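Analysis of the macromolecular model
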Number of protein chains: 2
Amino acid sequence: MKQFNIGLFGFGNVGRGLYDVLVQTNQQHATIKRVCVRNINKDRGVDKALFTDNADDIFNDPDINMIVELIDDATASLSIVTRALKAHKPVVTGNKHMLAHHLEDLVALQRETGTPLLYDASACGSIPVIRNLEEYYDNDLLVSVKGILNGTSNFILSKIFNENMSYPDALKLAQDLGFAEANPTSDIEGLDSLYKLVIITVHAFGRYVKPQDIFVYGISTMNEADIRFAHEKERRIKLIGHVEKLEDNRLVMCVMPQLLSRDKYIYSVEDEFNGVVIKGKYYGKQFMFGRGAGGYPTGSAVLSDIMACSYDYSYEYKKLSAPQVPEYSTDVPFRIYVRYNTSADLALFNFLSISENYTSDTTNYVVGTIKLSELVRIKPQLHGRNLFIAAYPRD
Amino acid sequence: MKQFNIGLFGFGNVGRGLYDVLVQTNQQHATIKRVCVRNINKDRGVDKALFTDNADDIFNDPDINMIVELIDDATASLSIVTRALKAHKPVVTGNKHMLAHHLEDLVALQRETGTPLLYDASACGSIPVIRNLEEYYDNDLLVSVKGILNGTSNFILSKIFNENMSYPDALKLAQDLGFAEANPTSDIEGLDSLYKLVIITVHAFGRYVKPQDIFVYGISTMNEADIRFAHEKERRIKLIGHVEKLEDNRLVMCVMPQLLSRDKYIYSVEDEFNGVVIKGKYYGKQFMFGRGAGGYPTGSAVLSDIMACSYDYSYEYKKLSAPQVPEYSTDVPFRIYVRYNTSADLALFNFLSISENYTSDTTNYVVGTIKLSELVRIKPQLHGRNLFIAAYPRD
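Description of the structure in this document. Bear in mind the structure is a predicted one, so any value in this text is a computation, not a measurement.

When chain B is brought onto chain A, the operation consists of a screw motion whose angular component is 180° and whose axial shift is 0.0 Å, with 0.0 Å RMSD remaining. Overall, the copies show the geometry of a two-fold rotation axis. Across chain B, the smallest distance between a C-alpha and the rotation axis is recorded for Met 288 of chain B, namely 2.3 Å. Comparing contact sets, 98% of the residues at the interface of chain B also lie at the interface in chain A, consistent with an isologous, same-surface contact.

Structure representation (structure tokens):
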């Protein structure tokens, strides 16, 4: 078993979590030798000699034989990861934003340099989703992966739905508890879930799809009327990432709020937890559930990646070179709920059919079927409008 | 990727499930070349040329480069698996009875022959518990593994608890649906769960404990009074396998019915499903849930093992050689419920303390604390008595 001297980038919530877990469990095989941070003067209650603000101090140290990258800047993350791979130092990263945009290049670079990049911690925190999709669900029985992939937005939705908390109060609580970033846009607007879905899809079905080609819609515009609608229909609204292989080998993907009925496994996934349902042709549904946010759970997931490196584990990306990789398609009907204010907003939606239509002096909604391609088309126009969209499957 | 020509032993529920899954998914890399069965004349609706009753027809066929063993005879299973390893043919088995008794020898034989033996399908059907414990939860953060490990007994308990079905009716239904064996003793008496727990413990904590040293108690004596008691306390009775590492590095293990409160994840695991809760020091609880019985789900799990073999995967058993493997101990207090008939039966139990005591003209019970070592001691005397034992944690 290898001995790893780690050069760590970033000492935020997760970096600190990893540091604490390593110290408290007295790990013999992995030690953090140096930490590169932006602000070297900030007091972190840890020996200042550990910190540097110069990446060269890490890359030029011949003792350091592993890079762990836990910063929130995607551009800097890419440059660190690339530099590490080129220097033949194994890398562990948690940066889903960076991965979702550059995974193809990084797969190629791993093959070229023969150096592993691990990132199980990037999707669903402590739940080993990527490694299971890569290793265990590696045959073509897999049908779909669907889940609550973002702990922050789920925490907020739980507080709003179950404790009647206001949106700002729920967000503030999430931030106070260390689940939400100072800028929670990525969590709330579904981007964080989208990035995870892109990564999951590579390992589940061997197809890389650019984030910008996928429909994503968040929860920031959800209001009282939407919550009332959900309660009336005995459903809960959850922010869901979803990828499914259809019978004709087409791949459907989206991230959007969904009105979930009580019989769904993920209906009961509350607070900062993540839950993923993996569906297969002969084994039915598998459900995995665990903490998806927070420094310690995510730090533990990073530790699992470090340990995997120490045993020479690397993702093989077998499915990327499988004979029949499914094609991404948006030519699929979706049943959705749209709450809107003006008829101009409603006119954006080119419905195939409408099954419910409600107007009043305070709120209006329709339930109808629309092609996913239409949602992708109007995606750039949805921002800033007083409306809310949720998938509303018949079940 | 390797091409596997499989020699299959056994064509029962799981063997047939594997055959169907392979045919229906048109697997290119794995084909069943020959099947060894006891009764070659039985009509199985499959070309008779596929079958033989002579193991030599499989072992002497130079084309066959993988053995899959899915029979229910533990002695024959051991001889097949041993012979295959010695012939340097990778083996996949689902026989937990055999594994639980011979795992130490089989680990040694794998190392000696450099040939892999995979058996993820042996524990929890389609849930990849073993591989996750081996690969992902491979650091010393792991605290406990606890779960419903047997689909048949859980199916029966669900029908009794939720649909007021009688025990014989529930058992017959389980058999008709293909979950229960013709002889369900192993499922009902907790032995099947016990064998799985032994295997899980090797991969979770690196300690092999003989099945006969572990306390096991099943559900065959549960009656109306026990169900009433559970309902009164707002709990459900589930058959639970449990292994936990205590702070002082001692390992506690048992299989017994447990009175579970509503807030437990496994409280809601019903029917033939299995559910496993993996608890860690920093990541809290992870819950995995899926089908634990049935030919197709288990056949799919066997297929995952076959695929893993084709990529040269083998269990490394890292934890067996870890520096501080925890010691098995039964010197631990347990709070239990005992429903009994005669005071002679009650006198078997050497309670440390008793917190509830109920007697009536129809039924009697006590709730008290007893050492696990006492339960192990009296285990041989419990069989055939009109009593029922369940763990009853305070929560």
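So, on to the interface of chain B and chain A. Counting residues at the interface gives 41 residues for chain B, matched by 40 residues for chain A. Buried surface at the junction of chain B and chain A, summed over both partners, amounts to about 3,500 Å²; 53% is from carbon and sulfur atoms. For the pair chain B and chain A, the interface holds zero salt bridges. On the surface where chain B and chain A come into contact, there are nine residue pairs in polar contact (both at pLDDT 80 or more). Of all the elements in the fold, those that place two or more residues in the side of chain B that touches chain A are helix H1 (13-24), helix H5 (129-135), strand E12 (284-291) and helix H11 (295-310) of chain B. Partitioning the side of chain B that touches chain A into residue classes produces 20 nonpolar, 12 polar and nine charged. Here strand E12 (residues 284-291) of chain A pairs with E12 of chain B via three bridges, running antiparallel. Across the sheet, Phe 289 of chain A pairs through a bridge with Phe 287 of chain B, a residue of E12 of chain B.

Okay, the packing of helix H1 (residues 13-24) of chain A against helix H11 (residues 295-310) of chain A next. All names here are of chain A. Where H1 meets H11, the closest approach of the two axes is 7 Å, and the angle between their N-to-C directions is 65°. Here H1 lies roughly perpendicular to H11, going by the angle between them. Note that H1 runs across H11; the crossing there is right-handed. Judged by residue contacts, Asn 13, Val 14, Gly 17, Leu 18, Asp 20, Val 21, Leu 22 and Gln 24 of H1 engage Gly 295, Tyr 296, Thr 298, Gly 299, Ser 300, Val 302, Leu 303 and Ile 306 from H11. Along the lines of polarity and charge, the residues of the contact of H1 with H11 split into eight nonpolar, seven polar and one charged.

For the structure shown, the criterion picks out 45 aromatic pairs over all chains. Both rings, one in Tyr 296 of chain A and one in Tyr 282 of chain B, keep their centres 5.2 Å apart while their planes meet at 75°; by these two values the pair is edge-to-face. Of the two residues, Tyr 296 of chain A sits in helix H11 while Tyr 282 of chain B sits in the loop between strand E11 (273-280) and E12, which places them in two different chains. Tyr 296 of chain A sits in the partly exposed class, given a relative accessible area of 29%. Residue placement shows Arg 131 of chain A over the ring face of Tyr 313 of chain A; its charged tip is 5.3 Å from the ring centre.

So, on to the sheet that holds strand E1 (residues 4-9) of chain B. Residues and elements named next belong to chain B. As summarised here, the arrangement of the six strands in space is E3-E2-E1-E4-E5-E6, forming an open sheet in which the pairing is parallel. Both outer strands of the open sheet, strand E3 (51-52) and strand E6 (117-118), are each paired with one neighbouring strand and no more. Where strand E4 (residues 66-69) lies against strand E5 (residues 91-93), three bridges are found, and the strand directions are parallel. Among the inter-strand pairings, Glu 69 is bridged to a residue of E5, identified as Thr 93.

On to the pairing of strand E11 (residues 273-280) of chain A. Each regular strand shows side chains that alternate between the opposite faces of the sheet. Residues and elements named next belong to chain A. Burial analysis of E11 places seven of its eight residues in the buried class, which makes it a mostly covered element. Pairing geometry for strand E7 (residues 142-148) and E11, over six bridges, is antiparallel. What sits directly across from Ile 148, in E11, is Gly 275. Summarising the sheet, E11 and E12 pair through eight bridges and their orientation is antiparallel. Bridge pairing in E12 links Gly 280 to Gly 284. What sits between the antiparallel neighbours E11 and E12 is a turn of three residues.

Analysis parameters
- Residues numbered from 1 in each chain as written.
- Chains lettered and ligands numbered in written order.
- Predicted model: local features only at pLDDT ≥ 70, side-chain atom pairs only at ≥ 80, totals over all residues.
- Heavy atoms only, no water.
- Least-squares fit on C-alpha atoms with pLDDT ≥ 70 in both.
- Contact = heavy atoms within 4.5 Å.
- Buried area = accessible area lost by both parts, 1.4 Å probe.
- Salt bridge = Lys/Arg side-chain N within 4 Å of Asp/Glu carboxyl O.
- Polar contact = N/O pair within 3.5 Å; in protein donor to acceptor, adjacent residues only side chain to side chain.
- Helix = DSSP H or I, 4+ residues; strand = E, 2+ residues; numbered from the N terminus.
- Nonpolar A, V, L, I, M, F, W, Y, C, P; charged D, E, K, R; others polar.
- Pairing = 2+ DSSP bridges.
- Axes fitted to C-alpha atoms, helices over the stretch in contact; angles between N-to-C directions.
- Parallel < 35°, antiparallel > 145°, perpendicular 65-115°, else oblique.
- Left-handed = near helix turned anticlockwise from the far one by under 90°.
- Phe/Tyr/Trp six-rings, centres within 6.5 Å; stacked < 30°, edge-to-face > 60°.
- Buried < 20%, exposed > 50% of the residue type's maximum accessible area, 1.4 Å probe, protein only.
- Lys NZ or Arg CZ within 6 Å of the ring centre and 35° of its normal.

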